[in-house]
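Chain residues, written in single-letter form:
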Amino acid sequence: MALTSIWGMFADVAGYWQSVSSYLTHTYERNLTAFHQKAYGWFTRKNPQRALLDALAEAQSYEEWEEAAFQLDELLHTDLWRQNPSSKYYDYKLMNERRRAIIDAREEEDILGLVNLLRSGLVRNLGNITTPRLYNRAYAGTKVLIEEYVTQVALAIEYVAALPTSQGYETGWTSQAKLDLLHDTRQAFGRSTLVLQGGAIFGLCHLGVVKALHLRGLLPRIITGTATGALIAALVGIHTEDELLDFLNGDGIDLTAFGENDGEKLTEHEGLISQYQNGRVQTLLRRIARFIRDGYFLDVTVLEECVRANVGDLTFEEAYARTKRVLNITVATTGRGGVPNLLNYLTAPNVVSNEVHPVTM
């Protein structure tokens, strides 16, 4: 009886320690797994700056990009640089005085004073505000003072343009005075143009730039292009505002010319090509045969077909009349010292635009 009791006690003790051992083993394994996960996360995690830079690169809209840019400036403390108006690279005292003067003239309804401020200050590099050093420090923008000054100038122009004019000369603000102001300031400030250069297949990246500017209402009316950029400029220049967004989304681009066999017939010297009716090998061998026969890899007729399918037979003048956009295409001249020719609705109104693009390549 006593032996049975002792044996039962040992069995209970062994069961207890077995359950304790099982619990400790489970706890150890769980903690070890959690430790491994934390260690892996620690080694593989991105630092905040790298994560925000990736967010800038992967942003699908300007709003996403802007939010990441503001966060990155806060992380790097460059937002403090933006808020501090002082800098040796521009005349911040002059800019602050003119900003304050424009605000005071609007609040006091001093029309002639506001007109004088606009006439004397509507230049692009007033106070050296366009120096590149002011635009490569922060991600979200330049000095807040410069941005506020530009905003106040824009508001002042809108204010003056909306003011009613008087018939007499007592106030000095007649219809002719308003027209003279708008004309003179526009001439002094000039017009912005979007320049699209070459880049072969990377020239298609111009479409993304054009789309971003168009969605923000910043796309200039003057588009200039050369090489591949001339094709993109022409595609933009022939579409109206209502058609442009569908075109930039890819719905209005016809690329079937690149999917065809370059419009060539195989010769007896290209017998090897006939073994591959489809695929990249066929394209590569065809281009090698063309280079041996003609001295160049790519067939310009394919590009001509693509341009004709997308641009049509509009002249520069017809394109301008249709969209009110100024299409400029530069054509290089022979020789090193030649000045490129600029073709647009004024210099070459009757030239068919689709005939120009292959020449610029």
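The coordinates are above.
Cut-off values and rules
Every chain is numbered independently, its residues counted from 1 as its sequence is written. Predicted model: local features are reported for residues with pLDDT of at least 70 only, side-chain atom pairs are reported and counted for 80 or more only, and whole-chain, interface and lining totals are derived from all residues. Excluded from the side-chain calculation are hydrogens and water; included are all heavy atoms of the structure. Runs of E in the DSSP output that reach at least two residues are strands. Runs of H or I that reach at least four are helices, and both are numbered from the N terminus. Type-normalised accessible area, obtained with a 1.4 Å probe on protein chains alone, sets the label of each residue: buried when under 20%, exposed when over 50%, and partly exposed for intermediate values. Here, Shrake-Rupley sampling with a 1.4 Å probe gives the accessible areas, and only protein chains in the shown set may cover a residue. Should DSSP find at least two bridges between two strands, the strands are taken to pair. All axes are obtained by fitting lines to C-alpha atoms, using only the stretch in contact for helices, and the reported angles, taken between N-to-C directions, cover 0 to 180 degrees. What makes two residues a contact is simply this: any of their non-hydrogen atoms within 4.5 Å.

Asker: Which residues make up the overall build of the protein chain, and what are the values?
Answerer: For the protein chain, the helix and strand inventory stands at 16 helices and four strands. The burial tally for the protein chain puts 32% of its 361 residues in the buried class. Surface summary for the protein chain: the accessible area is close to 23300 Å², and the carbon and sulfur share equals 57%.

Asker: Report on the pairing of strand β1 (residues 193-196), specifying residues and quantitative values.
Answerer: In β1, alternate side chains face the same way, and those of L194 and L196 are buried while those of T193 and V195 on the opposite face are not. Looking at chain direction, β1 and strand β2 (residues 222-225) are connected through four bridges and run parallel. Bridge pairing in β2 places V195 opposite T224.

Asker: Which residues make up the sheet that holds β1, and what values go with them?
Answerer: Spatially, the four strands line up as an open sheet ordered β1-β2-β3-β4, and their pairing is mixed. A strand with exactly one partner marks an edge of an open sheet, and here the two such strands are β1 and β4 (341-343). When strand polarity is set aside, the average angle formed by the axes of neighbouring strands in this sheet is 20°. Contacting β1, β2 and β3 (326-331), helix α10 (residues 228-237) runs over the sheet at an angle of about 155° to β2.

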